[in-house]
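Spelled out, the chains give:
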Amino acid sequence: MDDRAIGVFDSGLGGLTAVKQLMAQLPHERIVYFGDTGRVPYGTRSVETVIKYVMQDIRFLMQFDLKMIVVACGTASAIALDTAKASFDLPIIGVVEWAAKQAVHVNRNGKIGVIGTQGTIASDAYARNIKAVEPKRQVLSIACPLFVPLVENGYLDHAATAMIVAEYLQPLKDARVDTLILGCTHYPLLKKVIAQFMGDDVHLIDPGVAIATHVHTILQQQDMLSVTNISPTFRYFVSDSVENFARLGSVFLQRPILELVEKVDIERF
Ligand code: DGL
């Protein structure tokens, strides 16, 4: 039994997709979330900058009494996970490895598609993680830079979104992938439009679901589940407007969070 909190961070609001899954699968766990809303996006930045930001994000979270840190951000996980793991003395897990493993598990025809930010796709981290499990799988990766702004502006189920989805994903459809990793925090919010375009036979992997399942498994295996937090505490920290984050975050998590959000000067860490 371990009642310490789980730390989760993302470049902004998108990591709440993973938090929502953690809350659903692990209802007794405390969560401390940091969203780097003042410096989002990470997906278009250089490797050096992403690593610098990730180290600051983790140094901030390390102030809390944590049992592990979950890197919810696809870009941070793809680019900076190894550096982070080597630098801190607590378990740090990223979405890439677990989404890749789940994709290999459900994939039937040997062809896996990966979509993500420019940084994630350029890192080739998904292909490396897939091939580490199953070297023969064919991996087709495409960066979809317009998806994040579409989601941030609420274009979740819009004709313009459907057109851009078709534009980006046609090569994956032509290649007949039967598994598609939604390798960015924001993409699960476009699941409906993506599923409509790719068709019912294509299995969509949501990294937030994959990581929550993995966190559940390891906490259980290592006897680290929290059992006494009947109503667990949730704290949210951001590097920009508390109100903006709370407004969108409350809608997203379907619970009011304004009272729980605080601003932090991340450059101090
Ligand atoms: N959170 C980022 C990711 O999952 C998307 C937004 C950004 O570019 O920072 O890759």
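Quick note: structure is the one above.
As the structure is a prediction and not an experimental result, all values here were calculated from the model.

Conventions we followed
Residue positions are given per chain, counting from 1 as you read along its sequence in written order. Reporting in this predicted model follows two pLDDT cut-offs: at least 70 for local features of residues, and 80 or more for side-chain atom pairs to be given and counted; totals over whole chains, interfaces and linings ignore these cut-offs and use all residues. To get the side-chain values, take all heavy atoms of the structure and skip hydrogens and water. Near is defined per residue: the residue qualifies when any heavy atom it owns lies within 4 Å of the molecule or strand. Definition of a polar contact: a pair of N or O atoms within 3.5 Å, with one able to donate and the other able to accept a hydrogen when the atoms are protein atoms, and with sequence-neighbouring residues admitted only if both atoms are side-chain atoms. Put simply, Ala, Val, Leu, Ile, Met, Phe, Trp, Tyr, Cys and Pro go in the nonpolar bin, Asp, Glu, Lys and Arg in the charged bin, and everything else, Gly too, in the polar bin. Note that the domain bounds were set by an automatic or database domain assignment. Strand pairing is defined by DSSP finding a minimum of two bridges between the two strands. Where helices and strands are cited, they refer to DSSP runs of H or I of at least four residues and of E of at least two residues respectively, numbered from the N terminus. Only the stretch in contact is used when fitting a helix axis, every axis being a line fitted to C-alpha atoms; angles between N-to-C directions are given from 0 to 180 degrees. In a helix, the anticipated span is given by 1.5 Å times the number of residues less one. When a residue's accessible area, from a 1.4 Å probe over protein chains only, is under 20% of the maximum for its type it is buried; when over 50% it is exposed; and in between it is partly exposed. By the convention used here, residues are in contact when the closest approach between their heavy atoms is within 4.5 Å. For this classification, under 35 degrees means roughly parallel, over 145 means roughly antiparallel, 65 to 115 means roughly perpendicular, and everything else is oblique. Handedness of a crossing is defined here by the sense of rotation of the near helix relative to the far one, left-handed for an anticlockwise turn of less than a right angle and right-handed for a clockwise turn.

Q: Tell me what's going on with the site of the ligand, and back it up with residues and numbers.
A: Around the ligand, the surrounding shell holds 13 residues, and the nearest of these are Asp10, Ser11, Tyr42, Gly74 and Thr75. Within the backbone of glycine 43, an N or O atom sits 2.8 Å from an oxygen atom of the ligand. Measuring from an oxygen atom of the ligand, one finds a side-chain N or O atom of threonine 75 at 2.6 Å. Taken together, the residues that form the shell around the ligand break down as 5 nonpolar, 7 polar and 1 charged. Both domains that furnish three or more residues to the shell around the ligand are identified here as domain 1 (5-94 + 209-268) and domain 2 (97-207).

Q: Describe the sheet that holds strand β8 (residues 203-205), naming the residues involved and giving the relevant values.
A: A sheet is described by the order of its strands in space; here 4 strands give the open sequence β6-β5-β7-β8, paired in parallel fashion. Each having just a single partner strand, β6 (138-143) and β8 make up the two edges of the open sheet. Here the strands of the sheet are splayed against their neighbours by 20 degrees on average, with no regard to which way each runs. Taken together, the 3 bridges between strand β7 (residues 179-182) and β8 define a ladder with parallel strand orientation.

Q: Give me the lowdown on helix α2 (residues 47-61), citing residues and values where you can.
A: Its 15 residues give α2 an end-to-end C-alpha distance of 21 Å, which sits within 8% of 21 Å, the value for a rise of 1.5 Å per residue. Residues of α2 that are buried: Val50, Tyr53, Val54, Met55, Gln56, Asp57, Ile58, Phe60 and Leu61. As for α2, its buried residues are in contact with β1 (5-10), β2 (31-35), β3 (66-71), α3 (74-87), β4 (92-94) and β9 (234-238).

Q: Describe the packing of α2 against α3, with residues and values.
A: It is the contact of α2 with α3, at a shortest axis distance of 9 Å, that shows an interaxial angle of 60 degrees. Looking at the two axes, α2 sits oblique to α3. The two elements α2 and α3 cross, and the hand of that crossing is right-handed. Taken together, the residues of α3 that come into contact with α2 (itself represented by Val47, Val50, Ile51, Val54, Met55 and Ile58) are Thr75, Ala76, Ile79, Ala80, Thr83, Ala84 and Ser87.

Q: Before we move on, can you summarise the sheet that holds β1 with the specific residues and values?
A: Spatially, the 6 strands line up as an open sheet ordered β4-β3-β1-β2-β9-β10, and their pairing is parallel. The two strands at the open ends of the sheet, each matched to only one other strand, are β4 and β10 (261-263). Within the sheet, the average angular offset between the axes of one strand and its neighbour, ignoring direction, is 20 degrees. Summarising the sheet, β1 and β2 pair through 5 bridges and their orientation is parallel. Note on β2: the bridge partner recorded for phenylalanine 9 is phenylalanine 34. Docked against the sheet, helix α1 (residues 16-25) engages β1, β2 and β9, running at close to 170 degrees with respect to β2. Most of the contacts of helix α4 (residues 95-106) go to β4, to which it runs at about 50 degrees, and overall it touches β3 and β4.

Q: Before we move on, could you go through the packing of α1 against helix α11 (residues 242-253) and cite the residues and values that matter?
A: Between α1 and α11, the least distance of the axes is 10 Å, while the angle of their chain directions is 45 degrees. Between α1 and α11, the angle is such that the two are oblique. For the element pair α1 and α11, the recorded crossing hand is right-handed. Along the contact surface, α1 presents Leu16, Thr17, Val19, Lys20 and Met23, while α11 presents Phe245, Gly249, Phe252 and Leu253. Counted by class, the contact of α1 with α11 contains 6 nonpolar, 2 polar and 1 charged residues.

Q: Quick one: what's the story with unusual backbone geometry, residue by residue and with numbers?
A: The omega torsion across valine 40 and proline 41 is 5 degrees, close enough to zero to call that bond cis. Positionally, proline 41 belongs in the loop between β2 and α2. Phi is positive for arginine 176, close to 60 degrees, though the residue is something other than glycine. With respect to the helices and strands, arginine 176 occurs in the loop between α8 (159-174) and β7. At glutamine 254, a residue that is not glycine, the phi angle is positive and equals roughly 55 degrees. Following the sequence through the fold, glutamine 254 ends up in the loop between α11 and β10.

By themselves, these are just geometric observations and shouldn't be taken as functional.
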